[in-house]
Amino acid sequence: MNKRTILMIIAAIAVIIVLSMTLVYLVEPVSDDNNEDEIPPTLVTPGKSHFGSSEEYLFPESGEIKAGENMTFRLMIEKNKELIMNETINVSRVNEAYSDEKLPLPEGMNISCTPSAFISYPGESYNVSLILATTEETPEDVYHFMVQRSFDSGITTLWFDLNVTSSGLAD
């Protein structure tokens, strides 16, 4: 190979790397014009491998409940070309949207994740339930949450919000 061919190959590799890194920061919402009341799932590109290995969807993106009620969010993972991997899902309250600064849960709130750890296989889809339970003592507020999917080759992060309103019961 001559010097010009080598330089062209290096330039092509550099372009591929820059394009891949740019795609990591894009968010591509999926819309459904047929039903405006239904919250469609959103493909969060930062949580997606751009080499066709897996895709993640979190829905709904946000929710609203009265204190004393529960709400379930769904994390769907579609595996494509990846290897068999150990996966762990963690949900944490954070101080604001897209933050990684963790906060304790407020009084009366509990989070469960089912399953929170599992082995994933290529070509399979997985549904994880993120259940937020509140009591009537849970303070009214908009709470922000971070979902981290840890697996053998890395970590992906998604966020969602939950607005807790008054239960309407008099003290």
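Asks: I'm lost on the packing of aromatic side chains in this one. Help?
Replies: The relation between two aromatic rings is expressed through the spacing of the ring centres and the mutual angle of the planes. In the structure shown here, the tally under the stated rule is four aromatic pairs. An aromatic cluster is defined as three or more aromatic residues linked by ring pairs; in this entry it consists of Phe73, Phe145 and Phe160. One residue, arginine 149, lies across the ring of phenylalanine 151, its end atom 4.4 Å from the ring centre.

Asks: Help me understand the pattern of salt bridges in this model?
Replies: Side chains carrying opposite charge are able to pair once their charged atoms draw close together. Per the stated rule, a full pass over the model turns up three salt bridges. Of the charged contacts in the structure, one is a salt bridge between arginine 149 and glutamate 56, with a shortest N-O distance of 2.7 Å. With a gap of 93 residues between them, arginine 149 in strand 11 (residues 141–151) and glutamate 56 in strand 3 (residues 54–59) connect regions that are remote in the sequence. Residue glutamate 56 is classed as buried on the basis of its relative accessible area, which comes to 1%. Each of the salt bridges in this network shares a partner with another, and the network as a whole consists of Glu56, Lys79, Glu87 and Arg149.

Asks: Please explain the environment of threonine 72 as it appears in this structure.
Replies: Looking at the secondary structure, you find threonine 72 in strand 5 (residues 70–79). For threonine 72, the residues in contact, after removing those within four places along its chain, are Pro60, Ser129, Leu130 and Ile131.

Rules used in this analysis
- Residues numbered from 1 in each chain as written.
- Predicted model: local features only at pLDDT ≥ 70, side-chain atom pairs only at ≥ 80, totals over all residues.
- Heavy atoms only, no water.
- Phe/Tyr/Trp six-rings, centres within 6.5 Å; stacked < 30°, edge-to-face > 60°.
- Lys NZ or Arg CZ within 6 Å of the ring centre and 35° of its normal.
- Salt bridge = Lys/Arg side-chain N within 4 Å of Asp/Glu carboxyl O.
- Helix = DSSP H or I, 4+ residues; strand = E, 2+ residues; numbered from the N terminus.
- Buried < 20%, exposed > 50% of the residue type's maximum accessible area, 1.4 Å probe, protein only.
- Contact = heavy atoms within 4.5 Å.

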